[in-house]
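Working through the structure, step by step
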Amino acid sequence: MSTEAICQALMKGRTPEVKTLVQAALDAGTDPAAILNEGMLAGMSIIGEKFKKNEVYVPEVLIAARAMKAGMEILRPKLVDAGVEPIGTAVIGTVKGDLHDIGKNLVGMMLEGAGFKVVDAGIDVSAEKFIETAKANNAHIIGVSALLTTTMTNMKLVVDAVKEAGLSAKVIIGGAPVTQAFCDEIGASGYSADAASAADLAKSLLAS
Ligand code: B1M
(Lines give C-alpha, C1' and ligand atoms only; values in the text may rest on other atoms or scores of the structure.)
Protein backbone atom coordinates (compact mmCIF):
# COMPACT_ATOMS: atom_id res chain seq x y z
CA MET A 1 0.00 0.00 0.00
CA SER A 2 1.55 3.28 -1.13
CA THR A 3 2.09 6.10 1.35
CA GLU A 4 1.99 8.38 -1.72
CA ALA A 5 -1.73 7.52 -2.12
CA ILE A 6 -2.32 8.62 1.49
CA CYS A 7 -0.41 11.85 0.84
CA GLN A 8 -2.52 12.58 -2.27
CA ALA A 9 -5.86 11.74 -0.59
CA LEU A 10 -4.94 13.92 2.41
CA MET A 11 -4.06 16.87 0.19
CA LYS A 12 -7.46 16.56 -1.46
CA GLY A 13 -9.12 16.42 1.96
CA ARG A 14 -10.73 13.06 1.23
CA THR A 15 -11.41 11.93 4.78
CA PRO A 16 -13.05 8.50 4.12
CA GLU A 17 -10.32 7.62 1.60
CA VAL A 18 -7.53 8.63 4.01
CA LYS A 19 -9.08 6.44 6.73
CA THR A 20 -9.40 3.47 4.36
CA LEU A 21 -5.87 3.88 3.01
CA VAL A 22 -4.30 4.26 6.46
CA GLN A 23 -6.08 1.13 7.71
CA ALA A 24 -5.12 -0.80 4.56
CA ALA A 25 -1.48 0.28 4.89
CA LEU A 26 -1.41 -0.85 8.52
CA ASP A 27 -3.07 -4.17 7.58
CA ALA A 28 -0.42 -4.63 4.88
CA GLY A 29 2.28 -4.23 7.55
CA THR A 30 3.53 -0.75 6.52
CA ASP A 31 5.63 0.92 9.21
CA PRO A 32 3.36 3.40 11.09
CA ALA A 33 6.21 5.96 11.08
CA ALA A 34 6.37 5.74 7.26
CA ILE A 35 2.60 6.24 7.03
CA LEU A 36 2.98 9.32 9.27
CA ASN A 37 6.05 10.83 7.61
CA GLU A 38 5.68 9.88 3.95
CA GLY A 39 1.86 9.98 3.90
CA MET A 40 0.24 12.35 6.38
CA LEU A 41 3.03 14.83 7.25
CA ALA A 42 4.21 14.99 3.63
CA GLY A 43 0.66 15.82 2.52
CA MET A 44 0.19 18.53 5.16
CA SER A 45 3.60 19.97 4.36
CA ILE A 46 2.70 20.32 0.65
CA ILE A 47 -0.64 21.91 1.60
CA GLY A 48 1.25 24.31 3.90
CA GLU A 49 3.61 25.34 1.11
CA LYS A 50 0.71 25.86 -1.31
CA PHE A 51 -1.13 27.91 1.34
CA LYS A 52 1.91 30.17 1.78
CA LYS A 53 1.99 30.78 -1.98
CA ASN A 54 -1.77 31.43 -2.11
CA GLU A 55 -2.24 28.39 -4.34
CA VAL A 56 -4.80 27.03 -1.85
CA TYR A 57 -6.88 28.88 0.75
CA VAL A 58 -8.26 28.41 4.29
CA PRO A 59 -11.07 25.97 3.30
CA GLU A 60 -8.64 23.58 1.54
CA VAL A 61 -6.33 23.67 4.57
CA LEU A 62 -9.23 22.98 6.91
CA ILE A 63 -10.46 19.96 4.94
CA ALA A 64 -6.94 18.56 4.61
CA ALA A 65 -6.50 19.02 8.37
CA ARG A 66 -9.80 17.26 9.00
CA ALA A 67 -8.65 14.32 6.86
CA MET A 68 -5.37 14.25 8.77
CA LYS A 69 -7.18 14.23 12.10
CA ALA A 70 -9.33 11.27 10.99
CA GLY A 71 -6.29 9.36 9.73
CA MET A 72 -4.38 10.13 12.94
CA GLU A 73 -7.16 8.60 15.03
CA ILE A 74 -6.41 5.26 13.35
CA LEU A 75 -2.65 5.73 13.28
CA ARG A 76 -2.00 7.21 16.75
CA PRO A 77 -2.32 3.95 18.78
CA LYS A 78 0.06 2.20 16.35
CA LEU A 79 2.55 5.05 16.60
CA VAL A 80 2.42 4.79 20.39
CA ASP A 81 2.97 0.99 20.15
CA ALA A 82 5.89 1.60 17.79
CA GLY A 83 7.35 4.22 20.17
CA VAL A 84 7.18 7.08 17.64
CA GLU A 85 7.44 10.30 19.63
CA PRO A 86 6.18 13.76 18.62
CA ILE A 87 9.03 16.12 17.66
CA GLY A 88 8.04 18.48 20.48
CA THR A 89 5.10 19.93 22.40
CA ALA A 90 3.46 23.22 21.54
CA VAL A 91 0.94 25.06 23.70
CA ILE A 92 -1.17 27.43 21.63
CA GLY A 93 -3.80 30.00 22.51
CA THR A 94 -5.36 33.34 21.66
CA VAL A 95 -4.18 36.09 23.96
CA LYS A 96 -6.15 37.54 26.89
CA GLY A 97 -9.14 39.63 25.83
CA ASP A 98 -9.25 38.13 22.33
CA LEU A 99 -11.87 35.66 21.13
CA HIS A 100 -10.71 35.09 17.53
CA ASP A 101 -9.66 31.49 17.03
CA ILE A 102 -9.75 30.58 13.33
CA GLY A 103 -6.12 31.54 12.69
CA LYS A 104 -4.99 30.00 15.99
CA ASN A 105 -6.72 26.72 15.06
CA LEU A 106 -4.98 26.73 11.67
CA VAL A 107 -1.64 27.21 13.42
CA GLY A 108 -2.47 24.24 15.66
CA MET A 109 -3.29 22.07 12.66
CA MET A 110 -0.07 23.02 10.90
CA LEU A 111 1.96 22.32 14.02
CA GLU A 112 0.30 18.91 14.31
CA GLY A 113 0.96 18.37 10.64
CA ALA A 114 4.63 19.12 11.30
CA GLY A 115 4.78 16.43 14.00
CA PHE A 116 4.19 18.41 17.20
CA LYS A 117 1.93 17.38 20.06
CA VAL A 118 -0.39 20.38 20.33
CA VAL A 119 -2.14 21.47 23.51
CA ASP A 120 -4.77 24.11 22.78
CA ALA A 121 -5.28 26.45 25.75
CA GLY A 122 -8.19 28.10 23.91
CA ILE A 123 -9.15 31.76 23.59
CA ASP A 124 -8.87 34.70 26.02
CA VAL A 125 -5.84 33.03 27.59
CA SER A 126 -4.07 34.90 30.39
CA ALA A 127 -0.28 34.88 30.74
CA GLU A 128 -0.73 32.81 33.92
CA LYS A 129 -2.74 30.17 32.04
CA PHE A 130 -0.12 30.00 29.27
CA ILE A 131 2.57 29.40 31.91
CA GLU A 132 0.48 26.84 33.81
CA THR A 133 -0.34 24.89 30.61
CA ALA A 134 3.24 25.07 29.34
CA LYS A 135 4.59 23.76 32.66
CA ALA A 136 2.00 20.97 32.88
CA ASN A 137 2.93 19.77 29.39
CA ASN A 138 6.68 20.47 29.35
CA ALA A 139 6.11 22.66 26.30
CA HIS A 140 8.94 23.50 23.92
CA ILE A 141 6.90 26.12 22.09
CA ILE A 142 4.23 28.58 23.24
CA GLY A 143 2.25 29.93 20.28
CA VAL A 144 0.26 33.10 20.92
CA SER A 145 -2.27 34.54 18.49
CA ALA A 146 -3.87 38.02 18.52
CA LEU A 147 -6.26 39.60 16.05
CA LEU A 148 -6.90 42.93 17.73
CA THR A 149 -4.60 45.92 18.08
CA THR A 150 -6.06 46.28 21.59
CA THR A 151 -5.08 42.74 22.66
CA MET A 152 -1.75 42.23 20.89
CA THR A 153 -0.10 44.25 23.68
CA ASN A 154 -1.01 41.42 26.07
CA MET A 155 1.48 39.23 24.20
CA LYS A 156 4.27 41.02 26.05
CA LEU A 157 2.77 39.80 29.33
CA VAL A 158 3.20 36.22 28.08
CA VAL A 159 6.80 36.81 27.00
CA ASP A 160 7.61 38.45 30.35
CA ALA A 161 5.86 35.72 32.34
CA VAL A 162 7.82 33.00 30.51
CA LYS A 163 11.07 34.77 31.39
CA GLU A 164 9.97 35.28 34.99
CA ALA A 165 9.00 31.62 35.35
CA GLY A 166 12.41 30.63 33.97
CA LEU A 167 10.89 28.43 31.27
CA SER A 168 12.99 27.43 28.29
CA ALA A 169 9.93 27.33 26.00
CA LYS A 170 10.17 29.63 22.98
CA VAL A 171 7.31 32.09 22.49
CA ILE A 172 6.15 32.52 18.91
CA ILE A 173 3.54 35.07 17.94
CA GLY A 174 1.29 35.91 15.03
CA GLY A 175 -2.06 37.27 13.91
CA ALA A 176 -3.21 39.96 11.50
CA PRO A 177 -1.98 43.07 13.39
CA VAL A 178 1.29 41.48 14.57
CA THR A 179 4.57 42.30 12.84
CA GLN A 180 8.24 41.33 13.07
CA ALA A 181 8.96 44.80 14.51
CA PHE A 182 6.42 44.17 17.30
CA CYS A 183 7.97 40.76 17.93
CA ASP A 184 11.40 42.36 18.30
CA GLU A 185 9.96 45.07 20.54
CA ILE A 186 8.41 42.63 23.04
CA GLY A 187 11.26 40.11 22.89
CA ALA A 188 9.34 37.09 21.59
CA SER A 189 11.39 34.28 20.02
CA GLY A 190 9.77 34.59 16.61
CA TYR A 191 6.95 35.90 14.44
CA SER A 192 5.31 34.39 11.42
CA ALA A 193 2.71 35.77 9.07
CA ASP A 194 0.81 32.55 8.41
CA ALA A 195 0.10 29.16 9.92
CA ALA A 196 2.41 27.15 7.67
CA SER A 197 5.33 29.49 8.42
CA ALA A 198 4.52 29.19 12.14
CA ALA A 199 5.12 25.43 11.91
CA ASP A 200 8.41 26.00 10.05
CA LEU A 201 9.44 28.55 12.69
CA ALA A 202 8.56 26.23 15.57
CA LYS A 203 10.62 23.43 14.00
CA SER A 204 13.60 25.71 13.47
CA LEU A 205 13.39 26.96 17.09
CA LEU A 206 13.43 23.36 18.37
CA ALA A 207 16.79 22.95 16.74
CA SER A 208 18.23 26.18 18.17
CO1 B1M B 1 -13.35 40.31 14.63
N2 B1M B 1 -12.18 41.79 14.11
N3 B1M B 1 -13.98 41.33 16.17
N4 B1M B 1 -14.57 38.83 14.89
N5 B1M B 1 -12.87 39.70 12.91
C6 B1M B 1 -11.32 41.57 12.97
C7 B1M B 1 -9.97 41.00 13.41
C8 B1M B 1 -11.21 43.05 12.38
C9 B1M B 1 -9.92 43.31 11.57
C10 B1M B 1 -12.47 43.36 11.55
C11 B1M B 1 -12.47 44.78 11.00
O12 B1M B 1 -12.77 45.70 11.71
N13 B1M B 1 -12.14 44.94 9.75
C14 B1M B 1 -11.30 43.91 13.68
C15 B1M B 1 -9.99 44.22 14.38
C16 B1M B 1 -9.54 45.67 14.23
C17 B1M B 1 -8.25 45.86 14.87
O18 B1M B 1 -8.05 45.65 16.04
N19 B1M B 1 -7.27 46.26 14.08
C20 B1M B 1 -12.23 43.06 14.53
C21 B1M B 1 -13.00 43.53 15.61
C22 B1M B 1 -12.93 45.03 15.85
C23 B1M B 1 -13.79 42.70 16.42
C24 B1M B 1 -14.66 43.11 17.59
C25 B1M B 1 -14.04 44.12 18.56
C26 B1M B 1 -15.98 43.60 17.02
C27 B1M B 1 -16.96 44.15 18.04
O28 B1M B 1 -17.46 43.40 18.84
N29 B1M B 1 -17.11 45.44 17.98
C30 B1M B 1 -14.91 41.75 18.30
C31 B1M B 1 -13.83 41.44 19.33
C32 B1M B 1 -14.15 40.24 20.18
C33 B1M B 1 -12.96 39.84 20.98
O34 B1M B 1 -12.11 39.16 20.47
N35 B1M B 1 -12.88 40.29 22.22
C36 B1M B 1 -14.80 40.80 17.14
C37 B1M B 1 -15.47 39.59 17.06
C38 B1M B 1 -15.40 38.73 16.01
C39 B1M B 1 -16.26 37.47 15.86
C40 B1M B 1 -16.52 36.77 17.20
C41 B1M B 1 -17.57 37.90 15.27
C42 B1M B 1 -15.47 36.66 14.78
C43 B1M B 1 -14.46 35.65 15.38
C44 B1M B 1 -14.93 34.22 15.28
C45 B1M B 1 -13.83 33.28 15.62
O46 B1M B 1 -12.65 33.52 15.48
N47 B1M B 1 -14.27 32.12 16.09
C48 B1M B 1 -14.67 37.75 14.09
C49 B1M B 1 -14.07 37.60 12.82
C50 B1M B 1 -14.39 36.32 12.07
C51 B1M B 1 -13.22 38.58 12.26
C52 B1M B 1 -12.62 38.64 10.84
C53 B1M B 1 -13.76 38.97 9.90
C54 B1M B 1 -11.93 37.39 10.35
C55 B1M B 1 -10.82 36.87 11.25
C56 B1M B 1 -10.39 35.50 10.75
O57 B1M B 1 -10.75 34.49 11.31
N58 B1M B 1 -9.63 35.47 9.65
C59 B1M B 1 -11.58 39.81 10.99
C60 B1M B 1 -11.45 40.66 9.73
C61 B1M B 1 -10.47 40.07 8.79
O62 B1M B 1 -9.43 39.54 9.17
N63 B1M B 1 -10.78 40.17 7.52
C64 B1M B 1 -11.98 40.47 12.25
C65 B1M B 1 -9.18 34.22 9.01
C66 B1M B 1 -7.95 33.67 9.73
C67 B1M B 1 -7.44 32.42 9.03
O68 B1M B 1 -6.96 34.67 9.64
O69 B1M B 1 -6.83 34.92 12.16
O70 B1M B 1 -5.55 36.49 10.60
P71 B1M B 1 -6.10 35.14 10.90
O72 B1M B 1 -4.89 34.10 10.93
C73 B1M B 1 -3.90 34.10 9.92
C74 B1M B 1 -2.66 34.92 10.28
O75 B1M B 1 -2.95 36.09 10.99
C76 B1M B 1 -1.79 33.94 10.99
O77 B1M B 1 -2.12 32.67 10.42
C78 B1M B 1 -3.42 32.71 9.82
C79 B1M B 1 -3.29 32.32 8.35
O80 B1M B 1 -2.45 31.31 8.12
N81 B1M B 1 -1.86 33.77 12.44
C82 B1M B 1 -0.76 33.34 13.11
C83 B1M B 1 -2.86 33.89 13.31
N84 B1M B 1 -2.47 33.56 14.53
C85 B1M B 1 -1.17 33.22 14.45
C86 B1M B 1 -0.27 32.78 15.42
C87 B1M B 1 1.04 32.49 15.02
C88 B1M B 1 1.43 32.63 13.69
C89 B1M B 1 0.55 33.04 12.72
O90 B1M B 1 1.97 32.04 15.87
C91 B1M B 1 1.58 31.58 17.14
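As the structure is a prediction and not an experimental result, all values here were calculated from the model.

1. A word on the site of the ligand
If you check the shell around the ligand, you find 27 residues, and the closest are Leu99, His100, Asp101, Ser145 and Ala195. With respect to the ligand, the backbone of glycine 97 contributes an N or O atom lying 3.0 Å from a nitrogen atom. One of the backbone N or O atoms of alanine 176 is found 3.2 Å from an oxygen atom in the ligand. Of all the secondary structure elements, the ones that give two or more residues to the shell around the ligand are helix H5 (102-113), strand S3 (141-145), strand S4 (170-174) and helix H9 (195-207). Here the shell around the ligand is composed, by residue class, of 15 nonpolar, nine polar and three charged.

2. What to know about the sheet that holds strand S5 (residues 190-191)
Strand order in the open sheet made by the five strands is S2-S1-S3-S4-S5, with parallel pairing throughout. With one partner strand each, in any of the chains shown, strand S2 (116-120) and S5 form the two edges of the open sheet. Bridge count between S4 and S5: two bridges; the pairing is parallel. Paired with isoleucine 172 across the two strands is glycine 190, which belongs to S5. Its contacts with the sheet place helix H6 (residues 127-136) against strand S1 (88-94), S2 and S3, and it is angled at close to 160 degrees to S1.

3. So, the layout of surface pockets
Here the largest pocket defines a volume of roughly 410 Å³. Every residue lining the largest pocket is counted, 17 residues in all, and those nearest its centre are Met72, Leu79, Pro86, Gly115 and Phe116. For the lining of the largest pocket, the secondary structure elements donating two or more residues are helix H3 (32-52), helix H4 (58-81) and S2. Counting residues per element, the lining of the largest pocket draws most heavily on H4, at five residues. Split by residue class, the lining of the largest pocket holds 11 nonpolar, two polar and four charged.

4. Considering unusual backbone geometry
A positive phi angle is found at aspartate 124, which is not glycine, with a value near 55 degrees. According to the relative accessible area criterion, aspartate 124 is partly exposed, its value standing at 33%. We note that asparagine 138 has phi near 50 degrees; this positive angle belongs to a residue other than glycine. Within the secondary structure, asparagine 138 sits in the loop between H6 and S3. By relative accessible area, asparagine 138 is classed as exposed at 61%.

Conventions and cut-offs
Residues numbered from 1 in each chain as written. Predicted model: local features only at pLDDT ≥ 70, side-chain atom pairs only at ≥ 80, totals over all residues. Heavy atoms only, no water. Near = heavy atom within 4 Å. Polar contact = N/O pair within 3.5 Å; in protein donor to acceptor, adjacent residues only side chain to side chain. Helix = DSSP H or I, 4+ residues; strand = E, 2+ residues; numbered from the N terminus. Nonpolar A, V, L, I, M, F, W, Y, C, P; charged D, E, K, R; others polar. Pairing = 2+ DSSP bridges. Contact = heavy atoms within 4.5 Å. Axes fitted to C-alpha atoms, helices over the stretch in contact; angles between N-to-C directions. 1 Å grid on protein atoms, 1.4 Å probe; cavity = no way out; pocket = protein on both sides within 12 Å on 5 of 7 lines; lining within 4 Å. Points joined across faces, edges and corners; volume = space filled by probe spheres on them. Buried < 20%, exposed > 50% of the residue type's maximum accessible area, 1.4 Å probe, protein only.

Functional significance is not addressed by these values, which are geometric in nature.
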